[in-house]
Structure formats: structure tokens, C-alpha cells
There are 2 protein chains.
Amino acid sequence: MHVTSLRFTSEEPLDGGVLAREFTLGEIPGTLWTPGSAPAPLILIGHNGGLHRREPRLVARARHSAARGYAVAAIDHPGHGDRPRSAADEQARADLRRALAAGEPVDEIFESFVGPLVEKAVPEWRATLDALLALPGIGGPVGYSGMTAVGIRLAVSEPRIAAAGFFAGGYVPRAQREEARQVTIPLLFLLQWDDEGNPRQRALDLFDAFGTKEKTLHANMGGHTGTPWFEAEDGDRFFGRHLK
Amino acid sequence: MHVTSLRFTSEEPLDGGVLAREFTLGEIPGTLWTPGSAPAPLILIGHNGGLHRREPRLVARARHSAARGYAVAAIDHPGHGDRPRSAADEQARADLRRALAAGEPVDEIFESFVGPLVEKAVPEWRATLDALLALPGIGGPVGYSGMTAVGIRLAVSEPRIAAAGFFAGGYVPRAQREEARQVTIPLLFLLQWDDEGNPRQRALDLFDAFGTKEKTLHANMGGHTGTPWFEAEDGDRFFGRHLK
């Protein structure tokens, strides 16, 4: 990736002294929420599914954490949110829709889609981290909260990530299922018990596989989007134990 | 059970305005911790295993909750703590030790021991509840936190129990595994992932079986006694959502 510098494009003051700023880092669009107090530990958040950084639940979570003293950053990954989709992205989405409609297995389609996404997203997160930690008022250690596949690779390749919250709601490529054993940072693993697209046993096996001894599973009833709001508060307290 | 009245036998002021009082209710010995503020919602706590109300982790949990505004009560069940053991209790314990030493199955021994314990303990909890709710400064709704087997029967038979935290660390008799489907109050179900005496799959099946839609599983690493301290804090917040 071409190295460049972070540029703020807009800012919006929110309740509780929180400031929300849109930024670009080269071709990466992102949002940074900062609290009134400094220095603030940083949490990188990824959306569970589509990775659009303006998804309302993601924004609500970010504001909640920022109001409690964290700096929070979200970015759109290649092919997501504000970013252009490649022909391969469009093809994978079409394949997925067709397979789901036909009741066919979708693992290989997800593998062909999520595997490359992880490869592209993690260097972008690391470049974003470099840029954000150079800003005044933002300090380490750093937490990650979001999609499991990206989070596993980030946790094993980026030593500045000190704790992570993973949402067990999406496809985890074979490579990341292997890498799970190398994850040694404290983890909070969030599972929706009846997640339509995520076999429960596979998620429990993944939780079992993580190499860290400081891992906690929180499971709640309901489908993919049914995570209760109190899990956002539990997440902040988890990071409070490990980042502050 | 013979109806009688609650008698306080000693009291000890603790930090934060908390008062710990020993009591007897007929033959039932118990401890009541009350906060400085009133009215306080009541939490009944049962020890995970031996049901001794002076077990240090149980006492620490009780004091923690009382300092956060809850009244907390613990009692010793028949054959536990300060109470005499029957010949049948001694026999069951001897059978259990022998079977464990010989590597034999222990389910039927637990069934013969825990089944009758539930039958005896639940009426005692209900009588204790009558007596405690008649005291000034203690108000409903009521929570239960402790052993799963007793908690299931209490949750399905005692309408004043509004929320419960169950520790998935002991044998649950067949009758209570059936009754689990009738449990409709909010639940926090605590699982130690590598609990020596508690097959993980059986605990996950039980979590799945509970009839309530407001159930959350928290699983942590380690054996029976390894529950991290932050789960006491999570428990208080769970009750805060449902009792206050």
C-alpha cells in the first residue's frame, strides 16, 4: 500500500465532549471518535458484516465507548462502505446470493471472498494504527472490536493490539481458524446462539481453539443482528480491564 | 416444614455501611448482608458446591453485592455447612468418593444425592424468602444466584424470583433438566469451560433448553473454582437490569 498521511475531512461535536471526525488515509475512508479527555486508549472497531463504518449500531457503539473515555476508529475496507467494488467483489456477492437461494453450500464462496478481504484489510488497519497513534491525545495500548476473521489476523500480526472483542457472526477462513491457536491476548468472544449464517458448533470450536487463557464467551439468544445492547457496555468494561 | 420466625443471633458492621447478620429460621441457619440504603432488592445466593454459607468466595460475593445496594441472603441446606449430616448423606459422600477413586460413573450417585437435596432446599428458600421480605428495608423483586439444580426448581415454583444467575458447575438431576424448559425469567448462566466434574456439552445443552428468551451464557477458562472475579461484577449488573 502507498504510504500517505491522514487527512481530516469533516468534524462533528457530539454530546459529552465527544468529537466525530471523518478522515482519509490515502484511499481508506474512516471515522475517528475522540472523548473530551486525553490521553485516550484506542479501540479499532469493525462492523460485524458489511463493514460499512456508518452502520447505525456501529456508530452507536463508537459513541458509547467514546463517551466513556476511549478513542474509537472505524474504516471501510476494500469493496465496502464508501469504497468501489471490484468485478470480483460483485461476482462473489452474486455467487453467494445464487447459492443461498438454491440452498447450496456457501463455505467455499465465503472462503474466496473473506480470505482475500483479510489479506487486504489487515495492512490497512495497521497503516491506520500508525497514523492514529501519531495524533496528539491518543495513546496505547490498543483494542480491536469486530469481525472475527480480520481480528484474528490482526491479533497475531500486530503487537500493539492488547485485547480484542470478536463477534462470532461471520465466516472465518481456514487460515484464520488455524491462526486462532496463536492468539494470546485477552479475548471477549460474542456469540448469537441462533445466528442464521454461523453454525453454533463451529463458533464454539473456534472459542475453544484460541490460544489465550484469558478468553470469555458471551452468548445471547437470537439471530445475527440480535446482540443485546448491554454487550456494548460489557465490551467497554472488558477493555477497561485491559487497556486502562 | 414447621413455620417459625426469623431470629438474628449476631451482627457485624462491615465497610461501606454494610451490616452482616447471622440468623436462624427454625433449624435453618443463614446470613443476611444489608446495604446502608433502603429499600434494597434481595438476592438469594447459594454456594456452587458444598453450600456452606461461610465459604470465602461466597462471602466476598455477598459483601460486593451488598456494597452495591442489594440485600443478600445465604442459608445452609440440610446436610451442609453448620447442619447435621444424616446417615444417608454420609453414605452418598462415601459412595461418591469410592466411585471417583475407582473411575466409575457417578451420575446415579449424584442423582440420589442432589435430587432429594433440591426437594428439601427449595421449601427452605421459600420460607426464608417469606421471613426476609417481612423485614423492614428489604423489597422485591428477588434474584437467585447459585447452584443450578436448586435454582431451576426455585425459578419454576416461586413467582417472586424475577431473575437468576446459575453456576453450571454441579450435577443437575433429571427432574430439573426437564423443568429447565419451564424457566421463563431472565437468566445469566455461568460456565467454567474446563470444569472437571461438569461435562461441557451437558451444560451447553441445558443452556439451550431453558425456556426464557432473555438468557446469556458467560464461559471462562479454567476449572470448577476458577471463575474470574469480574463475573461477580457482571452478576451485579445483570441483577441491576432486572431487579432495580
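See the structure above.
Note that the structure is predicted; figures quoted are calculated from it, not measured. (Residues numbered from 1 in each chain as written. Chains lettered and ligands numbered in written order. Predicted model: local features only at pLDDT ≥ 70, side-chain atom pairs only at ≥ 80, totals over all residues. Heavy atoms only, no water.)

**Regarding the interface of chain B and chain A**
Then, in step 1: Between chain B and chain A, the residue contacts involve 19 residues of the former and 19 residues of the latter.
Then, in step 2: Across the chain B to chain A interface the summed buried area is about 1700 Å²; carbon plus sulfur atoms make up 56%.
Then, in step 3: At the boundary of chain B with chain A, the tally comes to two salt bridges.
Then, in step 4: The closest approach of N and O atoms between Asp208(A) and Arg200(B), which form a salt bridge, is 3.4 Å. (Contact = heavy atoms within 4.5 Å. Buried area = accessible area lost by both parts, 1.4 Å probe. Salt bridge = Lys/Arg side-chain N within 4 Å of Asp/Glu carboxyl O.)

**Quick word on the packing of helix 3 (residues 107-133) of chain A against helix 4 (residues 148-157) of chain A**
Residue and element names in this part refer to chain A.
Then, in step 1: Running from N to C, helix 3 and helix 4 point in directions that differ by 50°, and their axes come no closer than 9 Å. On the basis of their axis angle, the class for helix 3 and helix 4 is oblique. In this structure, helix 3 crosses over helix 4, and the sense of that crossing is right-handed. Residues Val-114, Val-118, Glu-119, Ala-121, Val-122, Trp-125 and Arg-126 of helix 3 form the contact with helix 4, whose participating residues are Ala-149, Val-150, Arg-153, Leu-154 and Ser-157.
Then, in step 2: Of the residues belonging to the contact of helix 3 with helix 4, the class tally is eight nonpolar, one polar and three charged. (Axes fitted to C-alpha atoms, helices over the stretch in contact; angles between N-to-C directions. Helix = DSSP H or I, 4+ residues; strand = E, 2+ residues; numbered from the N terminus. Parallel < 35°, antiparallel > 145°, perpendicular 65-115°, else oblique. Left-handed = near helix turned anticlockwise from the far one by under 90°. Nonpolar A, V, L, I, M, F, W, Y, C, P; charged D, E, K, R; others polar.)

**Considerations on unusual backbone geometry**
For residues that are not glycine, phi is negative in most cases, and the peptide bond is trans in most cases.
Then, in step 1: Between Ala38(A) and the following residue, Pro39(A), the backbone shows a cis peptide bond with an omega angle of -5°.
Then, in step 2: Considering the arrangement of structural elements, one finds Pro39(A) in the loop between strand 3 (28-34) and strand 4 (40-45).

**Looking at the relation of the copies chain B and chain A**
Then, in step 1: Mapping chain B onto chain A is achieved by rotating through 180° and translating by 0.0 Å along the same axis, at an RMSD of 0.0 Å. Each copy turns onto its partner about a two-fold axis. Minimal C-alpha separation from the rotation axis in chain B is found for His218(B), amounting to 2.4 Å.
Then, in step 2: Comparing contact sets, 100% of the residues at the interface of chain B also lie at the interface in chain A, consistent with an isologous, same-surface contact. (Least-squares fit on C-alpha atoms with pLDDT ≥ 70 in both.)

**A look at the pairing of strand 1 (residues 6-13) of chain A**
Residue and element names in this part refer to chain A.
Then, in step 1: Bridging between strand 1 and strand 2 (residues 19-25) involves seven bridges; their strand directions are antiparallel. Bridged to Ser-10 within strand 2 is Glu-22.
Then, in step 2: Turn length for the strand 1-strand 2 hairpin, with the two strands adjacent in sequence and antiparallel, is five residues, and the turn residue Gly-16 shows positive phi of about 75°. (Pairing = 2+ DSSP bridges.)

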